[in-house]
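Take a look at the letters that make up each chain.
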Amino acid sequence: MTPPPPPLIDRYARAITYLRLSVTDRCDLRCAYCMPERMQFLPRAEVLTLEELYCAARAFMARGVRKIRLTGGEPLVRRDMIELVRALGRHVGGELDELTLTTNGTRLAEFADDLAAAGVRRINVSLDTRDRARFAALTRRDQVDAVLAGIAAARAAGIAVKINTVALKDINEDEIADLIGWAHGQGHDVTLIEVMPLGDIGADRFDHYLPLDAVRRELEARWTLVPTTATSGGPARYVDIAETGGRLGFITPLTGNFCAGCNRVRLTATGQLYLCLGGEAHVDLRAALRSDDPEAALNAAFARAMGEKPERHGFAIDGPGAAAAVARHMSVTGG
Ligand code: SAM
Ligand code: SF4
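So, here is what we can say about the structure in this document. (Residues numbered from 1 in each chain as written. Chains lettered and ligands numbered in written order. Predicted model: local features only at pLDDT ≥ 70, side-chain atom pairs only at ≥ 80, totals over all residues. Heavy atoms only, no water.)

With respect to the site of ligand 1
Next, step 1: Close contacts around ligand 1 come from 18 residues, with Tyr33, Gly73, Thr102, Ser126 and Met196 the closest.
Next, step 2: Side-chain polar atom of Tyr33 to an oxygen atom of ligand 1: 2.9 Å apart, as the coordinates give it.
Next, step 3: One of the side-chain N or O atoms of Glu74 is found 3.2 Å from a nitrogen atom in ligand 1.
Next, step 4: Alone, ligand 1 offers 550 Å² of accessible surface; in the complex the protein occludes 95% of this.
Next, step 5: For the shell around ligand 1, the class distribution of residues is 6 nonpolar, 9 polar and 3 charged. (Near = heavy atom within 4 Å. Polar contact = N/O pair within 3.5 Å; in protein donor to acceptor, adjacent residues only side chain to side chain. Areas by Shrake-Rupley, 256 points an atom, 1.4 Å probe, with all protein chains shown as cover. Nonpolar A, V, L, I, M, F, W, Y, C, P; charged D, E, K, R; others polar.)

Points about the site of ligand 2
Next, step 1: Near ligand 2 you find Cys27, Leu29, Arg30, Cys31, Cys34, Met35, Gly73 and Asn104, and these make up its full shell.
Next, step 2: Class assignment of the residues belonging to the shell around ligand 2 gives a composition of 5 nonpolar, 2 polar and 1 charged.

Side note on a negative patch on the surface
Next, step 1: Residues Asp170, Glu173, Asp207 and Glu218 make up a contiguous surface patch of negative charge.
Next, step 2: Residue class for Asp207 comes out partly exposed when judged on its relative accessible area of 44%. (Patch = residues over 30% accessible without salt bridge, like charges linked within 9 Å, V, L, I, M, F, W, Y side chains within 5 Å. Salt bridge = Lys/Arg side-chain N within 4 Å of Asp/Glu carboxyl O. Lys, Arg positive; Asp, Glu negative; His and termini not counted. Charge placed at Lys NZ, Arg CZ, Asp CG, Glu CD. Buried < 20%, exposed > 50% of the residue type's maximum accessible area, 1.4 Å probe, protein only.)

What to know about unusual backbone geometry
Next, step 1: Backbone geometry at Arg140 places phi at a positive 60 degrees, although glycine is not the residue there.
Next, step 2: Secondary-structure assignment places Arg140 in the loop between α4 (132-139) and α5 (144-156).
Next, step 3: Given a relative accessible area of 27%, Arg140 falls into the partly exposed group.
Next, step 4: Although it is not a glycine, Asp170 sits at a positive phi angle of roughly 65 degrees.
Next, step 5: With a relative accessible area of 63%, Asp170 lands in the exposed category. (Helix = DSSP H or I, 4+ residues; strand = E, 2+ residues; numbered from the N terminus.)

Observations regarding the packing of helix α6 (residues 176-186) against helix α7 (residues 212-222)
Next, step 1: Direction vectors running N to C along α6 and α7 enclose 60 degrees, while the axes themselves pass 10 Å from each other. Relative to α7, the element α6 lies oblique. Handedness of the α6/α7 crossing: right-handed. Between α6, through Ile176, Ala177, Asp178 and Ile180, and α7, the contact on the second element is made entirely by Val215, Leu219 and Arg222. (Axes fitted to C-alpha atoms, helices over the stretch in contact; angles between N-to-C directions. Parallel < 35°, antiparallel > 145°, perpendicular 65-115°, else oblique. Left-handed = near helix turned anticlockwise from the far one by under 90°. Contact = heavy atoms within 4.5 Å.)

Some details on the nonpolar core
Nonpolar side chains tend toward joint burial in soluble globular proteins.
Next, step 1: Phe60, Ile68, Leu70 and Leu192 are the most contacted members of the largest nonpolar core, which totals 94 residues.
Next, step 2: Element by element, the count of residues in this core is highest for helix α1 (residues 50-62), at 7 residues.
Next, step 3: Residues contacting Ile68, with those up to four places away along its chain left out, are Leu19, Leu21, Ala57, Met61, Leu88, Leu96, Glu98, Leu99 and Thr100. (Core = buried A, V, L, I, M, F, W, Y, C linked by side-chain atoms within 4.5 Å.)

Let's talk about α1
Next, step 1: Between its terminal C-alpha atoms α1 stretches 18 Å, which fits the 18 Å expected from 13 residues at 1.5 Å a residue.
Next, step 2: For α1, the complete set of buried residues consists of Leu50, Glu52, Leu53, Ala56, Ala57, Ala59, Phe60 and Met61.
Next, step 3: Immediately beyond the C-terminal end of α1, within one or two residues, lies Gly64, with a positive phi of roughly 105 degrees. (Expected span 1.5 Å × (residues − 1).)

Considering the side chain of Asp10
Next, step 1: Its place among the elements puts Asp10 in the segment before β1 (18-24).
Next, step 2: Looking at Asp10, the relative accessible area reads 5%, which means it is buried.
Next, step 3: A polar contact of 2.9 Å, which involves the side chain of Asp10, links it to the backbone nitrogen of Tyr12.
Next, step 4: Within the structure, the side chain of Asp10 is placed 2.7 Å from the side chain of Arg14, a separation counted as a polar contact.
Next, step 5: Beyond its immediate sequence surroundings of up to four residues, Asp10 is in contact with Met306 and Lys309.

Spelled out as structure tokens, the structure:
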């Protein structure tokens, strides 16, 4: 009998238990901080098939991964995506503690019931503004109604929704508290995110970079923020807001480093295993999956990957005109 493959433990003794799996780099929105209007997407021929994505996910599960987040690009624009959700959903309660996804919500109304039936219990929906004109300007698409309907549909299907909001100076800065109040009123937690310097967007990110310590001070003037040790297995730090009864997370890659407890890796839709969102280190799993002896090739690739996972990311937004820290867009690596 062949011995089970070794668990994924990197050279800093961090166990990798969380996979973010990008099922496509394509998207139906064009959020200004994420990608340019004329985004160059990966050639379809290079993208892993559904079967390959599933095989890759199983290889991770066999090596100790217990949580998978499907992402992209926009995961729900990939046509056969729900089949993958169903296949992976069968492992929830066994090898997987959780199967979840991050979505922009535009197609959620259509898929909410199927996702719930497949075993998805929680999802993250990205929403930076509820204002129609602002949403259209920021995402370059007039879709806020579809997103709000998607959030309501998810809720009605019994899926817990967490709202992810990128804090953006002069764009949604004045709306963040209202957005939190609305979300908590609907029973949704919220996580705020600092904009990260990933990929060329044809504009200077420093113009809209808003450090979350400033946002937090503003919120503290309005509400009582009670720190909690709660964790969702990701990099967010949480507080409970006494007045709203809801939870608020802060993801601060730039103002507060969270790498010491990193437990995750990211697989792109073309099978490139990135060891850190903020670094170039990666290993080609597609070649391993397509080799004559996939098991041996995967073992070798994973061993190499664990040796290459960096201790921490190298992000910084130093000032106006700073170049992207990483050339890849978030939509390629999988947010
Ligand atoms: N399309 C889906 C969505 O928007 O939720 C999933 C992929 S998207 C790349 C995942 C998350 O990354 C979203 O919450 C988005 O706001 C965030 N994001 C994209 N580019 C970012 C950047 N440069 N800095 C910080 N967050 C970013
Ligand atoms: Fe698409 Fe998500 Fe990027 Fe917005 S953040 S353009 S929804 S991938």
